[in-house]
Amino acid sequence: MSFSGPESLTSVIDNTGGTVAQLLRVQNFNVSSDGIGAGEDQSLERPFGHADPERLFAWAGATASWPMRTAPGGSRGLDDYFTRDYARNIGAEIMGRNKFGPQRGPWSDHEWRGWWGDEPPFRTPVFVMTHHKRPSITLSDTTFHFVDGDPATVLEQARKAAQGRDIRLGGGVTTIRQFLDADLVDTMHVAVSPVKLGSGLRLWESPDELLDRFHLEVVPSPSGVTHHLFWRK
């Protein structure tokens, strides 16, 4: 595959020559140069634990299409392609509980409605994987459903809610690894930032670990990040 923008990741062909419907996509997931996607000691004040998210996400925040940009400007080009692609053809998201919030165990605070305030950026149904169910909540045009099930069961729920569009696997690291282990991921875009964290939740020791199941194209960016594009063999 020669890279020609994010469209390359959504043109996956199955073995019969037909286009695969409803891809499960890891999109714009960030790790450090040593493969770590989140640091240790997550808390309400520090969603990424000891890791500084600005060091991981600086490439995206600098783009013109960064959704939280409040001033004009920003970079165009390769990084901006991926920032714009984040929501394209996404009908639902799956995330782990620790991406939704820092609480563990039974829900002690049902008033907690996630890290994102009253306007979450997802704008689709979101399926939060947890062993402790709670009623669904709707914030603006995002509805969070709290589901207890194995990856295949949760993916089937998300497929129905997505109404023919793709499903984004939002993370965190543990959730992505669960879906990789279940061989359910169709494509992945992982942005590797030129920082080393040393400890935390590790997506991989090396991206080569996934080459038994995925093709891989590595695309360096002028911003210093390296975009890793995986698509199913």
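Residues numbered from 1 in each chain as written. Predicted model: local features only at pLDDT ≥ 70, side-chain atom pairs only at ≥ 80, totals over all residues. Heavy atoms only, no water.

A. Just the overall build of the protein chain, in detail. Of the regular secondary structure elements, the protein chain holds five helices and eleven strands. In the protein chain, which comprises 233 residues, the proportion classed as buried is 46%. For the protein chain, restricting intrachain contacts to residue pairs at least 6 apart in sequence, the fraction spanning at least 24 positions comes to 63%. Summing over all exposed atoms, the protein chain offers an accessible surface of approximately 11,200 Å²; the carbon and sulfur share of this is 50%. (Helix = DSSP H or I, 4+ residues; strand = E, 2+ residues; numbered from the N terminus. Buried < 20%, exposed > 50% of the residue type's maximum accessible area, 1.4 Å probe, protein only. Contact = heavy atoms within 4.5 Å. Areas by Shrake-Rupley, 256 points an atom, 1.4 Å probe, with all protein chains shown as cover.)

B. Molecular detail of the side chain of Thr 83. Mapping Thr 83 onto the fold places it in helix 2 (residues 78-85). A residue is classified by how much of its surface remains accessible, and Thr 83, at 8% relative accessible area, is buried.

C. Examining the environment of Arg 159 more closely. Residue position: Arg 159 is located in helix 4 (residues 151-162). Put simply, Arg 159 and Glu 93 are 66 residues apart on the chain and 9.6 Å apart in space, counted from C-alpha to C-alpha.

D. Representation of helix 2 in the model. Across the eight residues that make up helix 2, a large majority, six, are buried. Taken as a whole, helix 2 has its buried residues at Leu 78, Asp 79, Asp 80, Phe 82, Thr 83 and Asp 85. Among the structural elements, strand 1 (24-31), helix 1 (53-61), strand 8 (187-192), strand 10 (214-220) and strand 11 (226-232) are those in contact with the buried residues of helix 2.

E. Molecular detail of the pairing of strand 11. Within strand 11, five of the seven residues are buried, which leaves it mostly tucked inside the rest of the structure. By the bridge criterion, six bridges tie strand 8 to strand 11 in an arrangement that is antiparallel. When the bridges of strand 11 are listed, His 189 appears paired with Leu 229. Joining the antiparallel neighbours strand 10 and strand 11 is a turn of five residues, in which Gly 224 adopts a positive phi near 105°. (Pairing = 2+ DSSP bridges.)

F. Fine view of the sheet that holds strand 4 (residues 125-129). Read from one edge of the open sheet, nine strands run 5-6-4-3-7-1-8-11-10, paired in mixed fashion. Two strands bound the open sheet, and with one partner strand each, they are strand 5 (137-139) and strand 10. Adjacent strand axes in the sheet meet at a mean angle of 20° when their direction is disregarded. Examined bridge by bridge, strand 4 and strand 6 (residues 142-147) share five bridges and lie parallel to one another. Counted as the bridge partner of Val 126 is Phe 144 from strand 6. In this fold helix 1 packs onto strand 1, strand 8 and strand 11, with an angle of close to 120° to the strand it touches most, strand 1. Packing of helix 5 (residues 173-181) onto the sheet brings it into contact with strand 1, strand 3 (90-96), strand 4, strand 7 (166-171), strand 8 and strand 10, and relative to strand 7 it is tilted by some 130°. (Axes fitted to C-alpha atoms, helices over the stretch in contact; angles between N-to-C directions.)

G. Fine view of the environment of Met 95. Assignment of secondary structure puts Met 95 in strand 3. Distance from Met 95 to Gly 170, taken between C-alpha atoms, is 5.1 Å for residues 75 residues apart in sequence. With near-sequence residues (within four places) excluded, Met 95 lies in contact with Phe 100, Trp 116, Phe 122, Val 126, Phe 127, Val 128, Met 129, Phe 144, Gly 171 and Thr 175.

H. Main features of the environment of Asp 109. Within the fold, Asp 109 resides in the loop between helix 3 (97-100) and strand 4. For Asp 109, a relative accessible area of 33% puts it in the partly exposed group. If we skip the residues at most four places from it in the chain, Asp 109 touches Gln 103 and Arg 134.

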